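# Inside the fold
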There are 2 protein chains.
Amino acid sequence: MKFELLTKDPKTRARRGRLHTPHGVVETPIFMPVGTQATVKSMTPEQLKDLQVEILLCNSYHLFLRPGHETVSRLGGLHQFMGWNRPILTDSGGYQVFSLSSLRDISEDGVRFQSHLDGSTYFLSPETAVDIQMALGSDIMMILDDCLAYPASHFDSEKSMRRSLAWAERCWKRFRTRSDTASDPLAAFGGTPPFQGGDVSPLKRGTAAKRQGVARALFGIVQGGIYHDLRKISTDHLVGMGFPGYAIGGLAVGEPKPLMYEVIERVGPELPEDKPRYLMGVGTPADLVECVALGVDMFDCVMPTRHARNGWLFTRDGHIVIKHAKYREDPAPIDESCRCPVCATYSRAYLRHLFIANEILSSVLNTIHNLHFYLDTIHRIRQFIEFHRYEEFLTEMRRTGVR
Amino acid sequence: MKFELLTKDPKTRARRGRLHTPHGVVETPIFMPVGTQATVKSMTPEQLKDLQVEILLCNSYHLFLRPGHETVSRLGGLHQFMGWNRPILTDSGGYQVFSLSSLRDISEDGVRFQSHLDGSTYFLSPETAVDIQMALGSDIMMILDDCLAYPASHFDSEKSMRRSLAWAERCWKRFRTRSDTASDPLAAFGGTPPFQGGDVSPLKRGTAAKRQGVARALFGIVQGGIYHDLRKISTDHLVGMGFPGYAIGGLAVGEPKPLMYEVIERVGPELPEDKPRYLMGVGTPADLVECVALGVDMFDCVMPTRHARNGWLFTRDGHIVIKHAKYREDPAPIDESCRCPVCATYSRAYLRHLFIANEILSSVLNTIHNLHFYLDTIHRIRQFIEFHRYEEFLTEMRRTGVR
C-alpha cells in the first residue's frame, strides 16, 4: 500500500492524501460506510457506487462466525463474495469480541469467547486475527487489540495497552510472514505502483493499481485510553515497528468529546506524517470536521446507516426524525439543499409513510440520503483543504453546525 | 384508455395487445407487480424500471387507511407520491376488506369494516371506492365487488354476484359523473390518442400519451364463483354496461386449478374481443402460461415478491429455497440461464448468507431475481404469440414446467 500526502492545510493539521490499495485508489480524508455482514445494510453495491463510496469497512468478527472466513475464501474472497470491486478495510474482530460476545477468558495468548449467535466457543489470537483477514482478502487489515470500556483506571489502561502492543508485534510478524509466502495470492505482486495521476477515474485507477500489484496493508492501533503518557508509549512502540498506517483506537467509547479531541490532538503529531491516520468508529458529521483539523485521514461509523433505519435523517439544518406527525403531509424533500437522488424525488410525507408502514424501502431511501450527507461532508472537507482554507470552513461549521 | 389488439395466436386464444393509459403504454400480456403500500416491497422505482416493469398494482384498501387517499391526493397523486411515472392500476379495496379487516356489516349500500391496523371503523360504498381511486390518480380503477371465500353455495354465490352487479352499476355511474366534471384533473383530456407505433420507447410513449390525454379507465369484474350460469349472468350484465376492460374475479381463492381454468375458459369467449381481460390475483408462472392460452391479457400476484422475501427463488429448473444448507458454499448463481443482474453477480452462497443473516439486501436481490423471472416469462409469452406459435410453447411448458 502506498500513501501520498497531496497537500496540507497551512493553519490546521488537515491533510489531503491518496491511498493506493490492491483494489484501487482512495482519496483522503475518507469516510468508510460499514458493511458488517458483507453488506452495507439495505444497499446494493451499485447504489454504493452511485453514491461514490470509495471503500467499505467489514467486520471480521461477524464474517468469522457467519459464513466463516474460510467459506468466504473458498468463494473467491470478500470482494467477489459481496460483489464489491473497490477497496475493503476489515477490523480485527477484537472490538466485537469485547462488546458483543460473552467473554470467557482473556490471556496474553489471545481471547476465548462465545459467539453472540449460538453461544459456541472460539479462540481469537493475534495470529488468527491476521489469518482471518488474509482469508477474507481485505485490502487494509487491522491488528488485534485489547479494548477497554470507559472509564478505566490508569493501571488497567496500561495493562491493556501493553497487551495490545505485544499482540501488535505478533500480528505484524504474522502479516509479514504470510505476505512473503505463496499462500497469500496477493503477495506475488509486492511493491507499490508509480503515481497514477489525478485525472483517472477511481474505477480505472483501481484496475491499474491492481494490475501493477499494490500490496495489502496492516495498520497498527494506538491504545492507552485517556492517558497521554500511555498513548505516547503505545505510539512510540508502534511507530518503531513501521506499520504502513496507524489507527487511533479506544475512543468514542463513552468519554466526553473534549477528552476525545484532546487525545487525538496529542497523538497526531507523534505519528509519521507520511502514513495514513484512521480514527476508528467515529463519528458525527461534526466529529469528522473537527478530527480532520487534527490530522485524521480515515473514518468509519455505523451512524449514517443505523440512524437511517431508525428514521433519523441528517440535514444541513440539523437532523429530522421522519416519523414525526408534522411530516404527514409535508411535500418538501428531507433537505432542500441536498442533491441526493432521494431528495430529488421523494417528499418527507412519502418517507414518513414508508417508515410508519414498516416498508423495506424506508431503510433503503433513508440510507442513501444519510450516506450522501456524510460523503458530501467529506467532499466539502477535501475541497477546503485543497484551497488551503480549512480553518475558515472549520470556524463556519462550528458556528452553524455542520451544514 | 384504448386497447389495441395487435395479433392473435391461430391455435389458442392467446392475444398480443397494447393498452394506452394516461401514464403510457403497456404491452399485453402483462404481469403487474404488487405495490401494496405505494411501494413494491424492497424495490426502488429505478430498480423496477431496470427490470422493465411497465405497470404496477396498488391496493386502495391499504392506501385508504394509511396514509389516506386524500393525503395522497394533496401530495399530487399516487404517481408523484411514490416516484413512479408509469401506469398504475388500483383495486377497489373490496378484496382486502373481506380478507384482512374485521367485517362489521355488509349491506346493499356497501360494507362497514374495521381497520386491520387500529380497529377503527370505516364505510366503503361503490361510490367511495371510485372516489378513493380517483383521488389516488389511478390509471386503471376497479369496481367494488363482493368477494366470497371458496367454497360457497350456488345460493350465496348468486346473491353475492347480484350485489356485485348492483355495485358495478353504481361504480360505473360514479366514474362517468366524476370523469365529466372538472374535479377530475384528468377529465379535461378525454378521448384516446392515435396509435403511437411500436418503435417508441415506453417512457417516451408514456409522455406522448399523457400529452395527448388518454382517459383513465374503470374495469368491471365478473363474479359468480365456480358456477357457469352465474358467471354468464354476470358477464352479460357487465358487458352490457360497456366497460373499457373486464376482470375475472373470485378465482385463486382456494378452488382446484382445473376448476379455475374451466371458469376462465367459459367466461373468456363471452367477453368482447376488443377489450382487455384481467385475471385478478393470479398466479404461478404456469398459471400465466395457461391463462394466456385462454385469452387473458393482464395478471397481478404477490407471489414473486412475497416468495422472494421468504427465500423462495424461481428458476428454469424449478424453485430453490435459498436457506437450504446445501447452498452454503455454492458458487453458482441462482439460475445459470438467467440474465438478471443478481445472477450476473452473486452466488447462491452469498444469497444464502444474506438470508440467514436476516439482511435487508436479501429481500432486495431475491425480489429483483423473482420479478425478472416473471417478466422474462411474460416476454417469452409475447414473442411466441407474435410468432403465432403459442401452442408449441404451451405444450413445451406443460412438458417441462415453465422454464
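Refer to the structure presented above.
Report follows, based on the coordinates. (Residues numbered from 1 in each chain as written. Chains lettered and ligands numbered in written order. Predicted model: local features only at pLDDT ≥ 70, side-chain atom pairs only at ≥ 80, totals over all residues. Heavy atoms only, no water.)

## Some thoughts on the interface of chain A and chain B
The following threshold applies: Residue contacts follow a heavy-atom distance rule, with two residues in contact if any of their heavy atoms lie within 4.5 Å. Accessible area that two parts lose when put together, with a 1.4 Å probe and added across both, is what the buried area reports. For salt bridges, the criterion is a side-chain nitrogen of Lys or Arg within 4 Å of an Asp or Glu carboxyl oxygen. The definition of a polar contact used here is a pair of N or O atoms within 3.5 Å, where within protein one atom must be able to donate a hydrogen and the other to accept one, and adjacent residues in sequence count solely through side-chain atom pairs. Numbering goes from the N terminus for both helices and strands, where a helix is a DSSP run of H or I of at least four residues and a strand is a run of E of at least two. Only Asp, Glu, Lys and Arg are considered charged in this grouping, and only Ala, Val, Leu, Ile, Met, Phe, Trp, Tyr, Cys and Pro are considered nonpolar; every other residue, Gly among them, is considered polar.
The interface is formed by 37 residues belonging to chain A together with 37 residues belonging to chain B. Taking both sides of the interface into account, the surface hidden between chain A and chain B amounts to around 3000 Å²; carbon and sulfur atoms contribute 58%. The largest per-residue losses of area from chain A upon contact with chain B belong to His353, Glu359 and Ile360 of chain A, which jointly make up 19% of the total buried on that side. In this assembly, chain A and chain B are joined by four salt bridges. Here chain A and chain B share 16 residue pairs in polar contact (both at pLDDT 80 or more) between them. Looking at the side of chain A that touches chain B, the elements that each hand over two or more residues are helix H1 (45-50), helix H3 (69-74), helix H4 (78-82), helix H14 (348-356) and helix H15 (360-386) of chain A. Taken together, the residues of the side of chain A that touches chain B sort by class into 19 nonpolar, ten polar and eight charged.

## Overview of the layout of surface pockets
Condition: The rule is simple: put a 1 Å grid over the protein atoms alone, call a set of points where a 1.4 Å probe fits but cannot get out a cavity, call an open set with protein on both sides within 12 Å along at least five of seven lines a pocket, and count a residue as lining if it has an atom within 4 Å of a point. Grid points are joined across faces, edges and corners, and a volume is the space filled by probe spheres set on the points.
The space that makes up the largest pocket amounts to roughly 1100 Å³. Within the lining of the largest pocket, the residues separate by chemical class into 20 nonpolar, 20 polar and ten charged. Empty space within the second largest pocket amounts to approximately 880 Å³.

## Observations concerning the sheet that holds strand E2 (residues 15-21) of chain B
All names here are of chain B. We apply this condition: Two strands are counted as paired when DSSP detects at least two bridges linking them. All axes are obtained by fitting lines to C-alpha atoms, using only the stretch in contact for helices, and the reported angles, taken between N-to-C directions, cover 0 to 180 degrees.
Pairing within the open sheet is antiparallel, and its three strands lie in the order E1-E2-E3. Of all strands in the sheet, those with a lone pairing partner are strand E1 (2-8) and strand E3 (24-28), marking the two edges. Ignoring strand direction, the axes of neighbouring strands in this sheet form an average angle of 15°. Strand direction decides the pairing type here: E1 and E2, joined by six bridges, are antiparallel. Within the sheet, the bridge partner assigned to Thr7 lies in E2 and is Arg16. Each of E1, E2 and E3 is contacted by helix H15 (residues 360-386), which is oriented at about 120° to E2, the strand it contacts most.

## As for helix H16 (residues 390-400) of chain A
All names here are of chain A. Rules: Each residue's exposure class comes from its accessible area (1.4 Å probe, protein chains only) as a fraction of the maximum for that residue type: buried when under 20%, exposed when over 50%, partly exposed otherwise. This arc describes the spread of directions from the helix axis toward the C-beta atoms.
Turning to H16, its buried residues number three or more, namely Tyr390, Phe393, Leu394 and Met397. Take H16 and look down its axis: the buried residues cluster within an arc of 100°, on one side only. Here the buried face of H16 lies against helix H11 (285-293) and H15. The positive-phi residue at the C-terminal boundary of H16 is Gly401, with phi of around 85°.

## Details of the packing of helix H7 (residues 154-180) of chain A against helix H9 (residues 228-241) of chain A
Residue and element names in this part refer to chain A. Selection rule: In what follows, roughly perpendicular refers to angles from 65 to 115 degrees, roughly parallel to angles under 35, roughly antiparallel to angles over 145, and oblique to any angle outside these ranges.
Remark: H7 packs on H9, axes separated minimally by 10 Å, with the N-to-C direction vectors making an angle of 5°. With respect to their mutual orientation, H7 and H9 come out roughly parallel. Residue-level inspection shows His154, Ser157, Glu158, Met161, Arg162, Leu165, Ala168, Glu169 and Trp172 of H7 in contact with H9, the latter providing Asp229, Leu230, Ile233, Ser234, His237, Leu238 and Met241. Here the contact of H7 with H9 is composed, by residue class, of eight nonpolar, four polar and four charged.

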